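Architecture and fold: a report
Here's the letter readout for the chains.
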Amino acid sequence: MGGPHAAHRFSIVLPGFRCLSVTALSVFELANWEIGEPVYDLHLLSENRRVHPPSSIGIGVETEPFDDTNFDTLMVGGSAVVGALTPGVIKFLRQGLERSRRIASTCTGAFVLAEAGLLDGRRATTHWHRARDLQARFPKVEGGGRPYLQFIDGQVWTSAGMTAGIDLALA
């Protein structure tokens with residue numbers, strides 16, 4: 001899985017994830033294809049499961065369980081399921097901030113990062129339709145009430161809607 005110098009890209013999928021939230025990984029998939037070798041080593045992760053509960057439209061994906069792997073980039077999207085964000089996911093994200101070069105969110109994944117405390121004092125964005133809600137629920141998040149395409153604040157990156165995650169991946 002990936003060449004000797006492959007950059008690890010991991011995406012956390014939560015129960016009820018929206019399929020479009022993992023679209024950003026296609027940027028790295030296509031880069032591997034264009035280069036002709038696996039420069040990016042891609043993985044889908046979830047808590048304690050090999051086969052993840054279905055997406056918001058009922059499609060399941062095979063995932064790897066959380067472990068102590070160091071990685072280059074960790075991405076997370078939102079969920080349509082109440083209670084998808086467990087203490088184990090929050091712990092993994094907090095540890096991920098220490099073990100990765102960057103953590104990124106697409107769309108309502110900003111709520112996941114905010115709930116884990118990773119956006120406190122940082123500039124961040126989410127889908128325009130949920131931007132005011134992000135600011136109201138997490139007042140320590142800077143810019144959360146304004147819908148920008150993306151914010152890069154140190155090692156934490158956020159993007160607006162799900163397809164904006166593609167632009168974030170390109171960045």
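Report follows, based on the coordinates. Predicted model, so just to flag it, every value in this text is computed and none were measured.

1. So, helix α1 (residues 25-35)
- Looking at α1, one finds that the buried residues are L25, V27, F28 and N32. Take α1 and look down its axis: the buried residues cluster within an arc of 155°, on one side only. Opposite its buried face, α1 presents the exposed residues W33 and E34, each directed more than 90 degrees away.
- Downstream of α1 by one or two residues, G36 has phi in the positive range, about 90°.

2. Here's the deal with helix α2 (residues 87-99)
- The end-to-end C-alpha separation of α2 is 18 Å, in line with the 18 Å expected for 13 residues at 1.5 Å each.
- Residues of α2 that are buried: V89, I90, F92, L93, G96, L97 and R99.

3. What to know about the nonpolar core
- Within the largest apolar cluster, 28 residues are counted, with the highest numbers of intra-cluster contacts made by I12, L74, L93, L113 and L119.
- Counting only elements with at least two residues in this core, the list comes to β1 (7-12), β4 (71-76), α2 and α3 (109-115).
- Setting aside residues no more than four positions away along its own chain, L119 makes contact with A110, L113, A114, A124, K140, V141, V156 and T158.

4. Some remarks on the pattern of salt bridges
- Applying the stated criterion across every chain, the model contains four salt bridges.
- R102 is paired through a salt bridge with D72; the nearest N and O atoms lie 3.3 Å apart. One end of the pair, R102, is in strand β5 (residues 100-105); the other, D72, is in strand β4, with 30 residues separating them in the sequence. Comparing R102 with D72, the two get one shared label, buried.
- The salt bridge involving R130 is made with D133; its shortest N-O contact spans 2.8 Å.
- Assessed through its relative accessible area of 27%, D133 is described here as partly exposed.
- Because the salt bridges share partners, they merge into one network encompassing D72, R101 and R102.

5. Observations regarding the packing of aromatic side chains
- Tallying each qualifying case throughout the model produces five aromatic pairs.
- Judged by centre distance (6.2 Å) and plane angle (35°), the rings of F71 and F92 are tilted. Residue F71 is found in strand β4, and its partner F92 is found in helix α2; the two are separated by 21 residues along the sequence.
- Looking at F71, the relative accessible area reads 6%, which means it is buried.
- Aromatic side chains F111 and F138 sit 6.3 Å apart centroid to centroid with 70° between the ring planes, which places their arrangement in the edge-to-face category.

6. Overview of the side chain of D41
- Here D41 is to be found in strand β2 (residues 40-46).
- The class for D41 is buried, based on a relative accessible area of 5%.

What counts as what
- All residue numbers refer to positions counted from 1 along the written sequence of the respective chain.
- Local features are withheld for residues below a pLDDT of 70 in this predicted model, meaning they are given only at 70 or higher, and side-chain atom pairs are given and counted only at 80 or more; totals for whole chains, interfaces and linings count all residues.
- Where side-chain values are given, they derive from all heavy atoms of the structure, hydrogens and water being excluded.
- For every residue, the accessible area obtained with a 1.4 Å probe (protein chains only) is divided by the maximum for its type, and the residue is called buried under 20%, exposed over 50%, and partly exposed between those limits.
- Secondary structure elements are defined from DSSP: runs of H or I of at least 4 residues count as helices, runs of E of at least 2 residues count as strands, and each element is numbered from the N terminus.
- Directions from the helix axis toward the C-beta atoms define the arc.
- Each residue after the first adds 1.5 Å to the expected span of a helix.
- As used in this record, nonpolar core signifies buried Ala, Val, Leu, Ile, Met, Phe, Trp, Tyr and Cys residues forming a set joined through side-chain atoms within 4.5 Å.
- In this description, contact between two residues means that some pair of their heavy atoms is separated by no more than 4.5 Å.
- Think of a salt bridge as a Lys or Arg side-chain nitrogen and an Asp or Glu carboxyl oxygen that are within 4 Å of each other.
- In summary, the pairing rule links any two rings of Phe, Tyr or Trp, Trp by its six-membered ring, whose centres are within 6.5 Å, and it sorts them by plane angle into stacked for under 30 degrees, edge-to-face for over 60 and tilted for everything else.

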